[in-house]
Every structure is written in C-alpha cells, then in structure tokens.
Amino acid sequence: MSLIFFPPPIEQITSEIARHAGVDLYVLRLDLMHPWVNGNKWFKLKYNLLEAKQKNFTTLLTFGGAYSNHIYATAAAGNLFGFRTIGLIRGEERLPLNPTLSFAVQEGMQLVYLNREMYRQRNTPALEEYLQQRFGEVFIIPEGGSNLNGVRGCTEIDRAMPTAVTERSRSAGYAYAFDHICVACGTATTLAGIALSLHKGQRAIAFPVLKNGAFLAQEVESLLTNYLASDLPSPYNSPASWELVCDYHFGGYAKVNNDLLFFSQQFTEEHGVPLDYVYTAKMFYGVMDLLKQGFFSKGDRLLLIHTGGLQGNVGMEERLQRFSKI
Ligand SMILES: Cc1ncc(COP(=O)(O)O)c(C=O)c1O
C-alpha cells in the first residue's frame, strides 16, 4: 500500500512542566502519515482491507456516528484501494451533511441511517444477516475497526518507534527507548495492539475518553485473550503491562469544556502540534496533569501517540459556535 508516509516523525516536546518533572516527552505523529487515512485508523484498517481483498470482496460496510473518524477514514481508504463503501450511520439524516459525512460521500461512500435501536444491534448475527440480504456480499468492519485485524494492525505502531536504546534502559538490561507509551482510548483496540508489541518493562498508559471508562479493562483483557488464542502473529506471547487512567474524560465522549479547549489551543500554539478535541487533547491534557502530580519518575521517557482525528475538529468547532450563540 503506497502513499503512506512511514515511519512518521517523532517530535520532542520541550515543556517547563516536563523539565520540572525530570521527564523527556516525545510525540509520535501518526496524524502525519496520510492526509485522510492517518493516525491509528491506518493501522486498524490495514488488515481488514487486506483480508477483504484476499477474499475477493468488492464492498466494505462499516458503522459509526455522524462525526466518526472511522467513517471518514474507511471512505477514503475504500476509495484509495478500489472498494465500494457503505457507512451505516447512527441516528437520523441531517441536512446539510456535516463536514465528516460530506467528505465520506465525496469519497464515494453510500450512507445509510440506522435508528438508535437498530444501531445497538450492530454486532448481532441477526443484523449481520439482514445486512447481507440487503446489500449482498459485503465485508463488514465493526465500528471503530475494533476487531482482531484492528489489533493486529496496531501491533505495528511499535515499528514506528525507534529502537535506539537509552543509556538508562541499557544499564537496566532493556532494549527500548521509551518507558511509557501513552494513548487515547475509545474501544481499546489500539491499546491492545500496543500492549502486545511493547518490550517487557515498557508500559502502555491509556486514557479513556468516555465516562466511567474503567469497564474498558474487561474489553482489553478480552481482546488480548482472543488475539493470543488466534493464530495471528504476535511479537511476544504475552502483553506488556498496561493501565487505564480514567480521570480525563471531561464529562464523556465528545464532551469538552473551556479548560480543555484552552489547553488544546495553547498546546498547539506552544508546540506546533494540533490536537483533536475528542481524543488526543484529553490524553495530552491528562499526561501534562500527571506530570504536575509527580506520577512519573525522574528520568522517564514518555512517548505520546498522536492518533489523528483532526478531521473531527471542523464539525466540533461548528457545533461549539452554534451552542455559544444560543
Ligand atoms: C483519533 C482517535 N484516537 C484514539 C482513538 C481510540 O482508539 P481505540 O478505539 O482503538 O481505543 C480513536 C478511535 O478509534 C480515534 O479516532
């Protein structure tokens, strides 16, 4: 698969907060890998597309909300790699289409709206049968690319991390450059893939962007168990240590407040790294806050994964403007 900019750059963030904590901070810019299919989306889609091609499917069908990064990326990836795409969108059609859905249509995606009741059944065999009857032979990718193909792709994010060994990790007998890998978390697919590919001694720290995200621990366990029980390749036979930090959801999925908006804008201004409000801004905010609290040890090296999602800011900014006028 061409057109992809790999490996993506790693940028150091020089910040007074990090310096004070004695921690080195780096960002892995997966958002720069491709204009439309970037961030963790590239990794979650890769093996789904390859399986669909191998099995001679010509149509991809997937699910998402009206502002979904996954819908956006699947429409673009389908167009790039010669698939028809169908997007099942949660809720009713609203016209004019928002920027995410306009883009999806422009990339050739057929949009079909499912009421919330039907959408809830998206992972059931009954709905799958209905979809196969209605749309014919389609390759179904779950919402958010959250399946074992998605996990497999995310085990490859590790390949974008330099293997250069720091003096400290060498003397501790480890062969890695970063101690903590931080990532935003929705379905936990990306976290599972990262945990499977890290060296022992490294730790993945995930920041759920939804309220009461602790339930995701079960999701991670089940993805890891199913993955390790499958015959898919895994660099090690067990995951590295991982944890969920559930305190930075800002009220729930796609919820923001002025504090988060201000942080995000200021971070971009200071460090030249744009953040999306739904995922990466919450994770970056969380990391900076944990640094202030002394959560990390002096000498730690942190890698923050920029998982993309910037397309969503256009729709979010429009909504925020609408609300501020009410
Ligand atoms: C930009 C962005 N970051 C992070 C995530 C979280 O990834 P996951 O659902 O694999 O936990 C998503 C959702 O896919 C996303 O769109």
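Reading the values: the criteria
Residues numbered from 1 in each chain as written. Predicted model: local features only at pLDDT ≥ 70, side-chain atom pairs only at ≥ 80, totals over all residues. Heavy atoms only, no water. UniProt positions renumbered as here; feature names shortened; annotations may be inferred. Helix = DSSP H or I, 4+ residues; strand = E, 2+ residues; numbered from the N terminus. Buried < 20%, exposed > 50% of the residue type's maximum accessible area, 1.4 Å probe, protein only. Contact = heavy atoms within 4.5 Å. Salt bridge = Lys/Arg side-chain N within 4 Å of Asp/Glu carboxyl O. Right-handed = clockwise from strand over helix to strand, strands pointing away. Pairing = 2+ DSSP bridges. Domains from an automatic or database assignment. Buried area = accessible area lost by both parts, 1.4 Å probe. Near = heavy atom within 4 Å. Nonpolar A, V, L, I, M, F, W, Y, C, P; charged D, E, K, R; others polar. Axes fitted to C-alpha atoms, helices over the stretch in contact; angles between N-to-C directions. Parallel < 35°, antiparallel > 145°, perpendicular 65-115°, else oblique. Left-handed = near helix turned anticlockwise from the far one by under 90°.

**Focus: the UniProt feature "active site" (unreviewed entry) in the protein**
Reasoning step 1: Per the UniProt record, "active site" (unreviewed entry) is found at Ser 68.
Reasoning step 2: Summarising the element assignment, Ser 68 is placed in the loop between β3 (59-64) and α3 (69-80).
Reasoning step 3: A residue is classified by how much of its surface remains accessible, and Ser 68, at 13% relative accessible area, is buried.
Reasoning step 4: If we skip the residues at most four places from it in the chain, Ser 68 touches Thr 100 and Gln 311.

**Looking at the pattern of salt bridges**
Reasoning step 1: Taken as a whole and judged by the stated rule, the model has 11 salt bridges.
Reasoning step 2: Residues Arg 122 and Glu 143 are paired through a salt bridge, measuring 3.0 Å at the closest nitrogen-oxygen approach. Taken together, the residues span a long stretch of sequence, with Arg 122 in the loop between α5 (116-120) and α6 (125-135) and Glu 143 in the loop between β6 (139-141) and α7 (148-154) at a distance of 21 residues.
Reasoning step 3: A relative accessible area of 21% places Arg 122 in the partly exposed class.
Reasoning step 4: One salt-bridge network, held together by shared partners, links Glu 11, Arg 29 and Asp 31.

**Let's talk about the pairing of β3**
Reasoning step 1: Counting buried positions along β3 yields 6 of 6 residues, so the element is predominantly enclosed.
Reasoning step 2: Of the two faces of β3, the one lined by Thr 59, Leu 61 and Phe 63 and the one lined by Leu 60, Thr 62 and Gly 64 are each fully buried.
Reasoning step 3: Each parallel crossover has a hand, and the one from β3 via α3 to strand β4 (residues 84-90) is right-handed.
Reasoning step 4: Sheet topology places β3 next to β6; 3 bridges connect them, and they run parallel. Note that in β6 the partner of Thr 62 across the bridge is Ile 141.

**What to know about the domain arrangement of the protein**
Reasoning step 1: With domains assigned, the protein is organised as domain 1 (10-36 + 148-325) and domain 2 (40-145).
Reasoning step 2: Put simply, the middle of domain 1 and the middle of domain 2, counted by C-alpha atoms, are 25 Å apart.
Reasoning step 3: Contact with domain 1, which involves 24 residues of that partner, is made by 20 residues of domain 2.
Reasoning step 4: The junction of domain 1 with domain 2 conceals about 2000 Å² of combined surface from both sides, 58% of it contributed by carbon and sulfur atoms.
Reasoning step 5: Counting the surface domain 1 buries against domain 2, the share from its top three residues, Trp 36, Asn 149 and Gln 311, is 35%.
Reasoning step 6: On inspection of domain 1 and its partner domain 2, the count reaches 1 salt bridge.

**Some details on the site of the ligand**
Reasoning step 1: Close to the ligand lie 15 residues; Lys 41, Gly 186, Thr 187, Thr 190 and Thr 307 are nearest.
Reasoning step 2: Counting residues per element, the ones that place at least two in the shell around the ligand are α2 (40-54), β7 (180-185) and α9 (189-197).
Reasoning step 3: In terms of residue class, the shell around the ligand is built from 4 nonpolar, 9 polar and 2 charged.
Reasoning step 4: Two domains each put at least three residues into the shell around the ligand: domain 1 (10-36 + 148-325) and domain 2 (40-145).

**Some thoughts on the UniProt feature "modified residue: N6-(pyridoxal phosphate)lysine" (unreviewed entry) in the protein**
Reasoning step 1: According to UniProt, the positions carrying the feature "modified residue: N6-(pyridoxal phosphate)lysine" (unreviewed entry) are Lys 41.
Reasoning step 2: Following the sequence through the fold, Lys 41 ends up in helix α2.
Reasoning step 3: By relative accessible area, which is 11% here, Lys 41 ends up buried.
Reasoning step 4: The contact partners of Lys 41, leaving out residues within four places of it in the chain, are Asn 69, His 70 and Ala 73.

**Re the packing of α9 against helix α10 (residues 216-229)**
Reasoning step 1: Contact pair α9 / α10: the axes reach a minimum separation of 9 Å and the direction vectors enclose 50 degrees. Accordingly, the angle class assigned to the pair α9 and α10 is oblique. Note that α9 runs across α10; the crossing there is right-handed. In this structure, α9 uses Thr 189, Leu 191, Ala 192 and Leu 196 to contact α10, whose residues at the interface are Val 220, Leu 223, Leu 224, Tyr 227 and Leu 228.
Reasoning step 2: Considering only residue class, the contact of α9 with α10 consists of 8 nonpolar, 1 polar and no charged.

**With respect to the pairing of strand β5 (residues 109-114)**
Reasoning step 1: As paired strands, β4 and β5 are joined by 6 bridges and run parallel to one another. The partner of Leu 88 across the bridge, within β5, is Val 112.
Reasoning step 2: With helix α4 (residues 99-106) bridging β4 and the parallel β5, this β-α-β connection has right-handed handedness.

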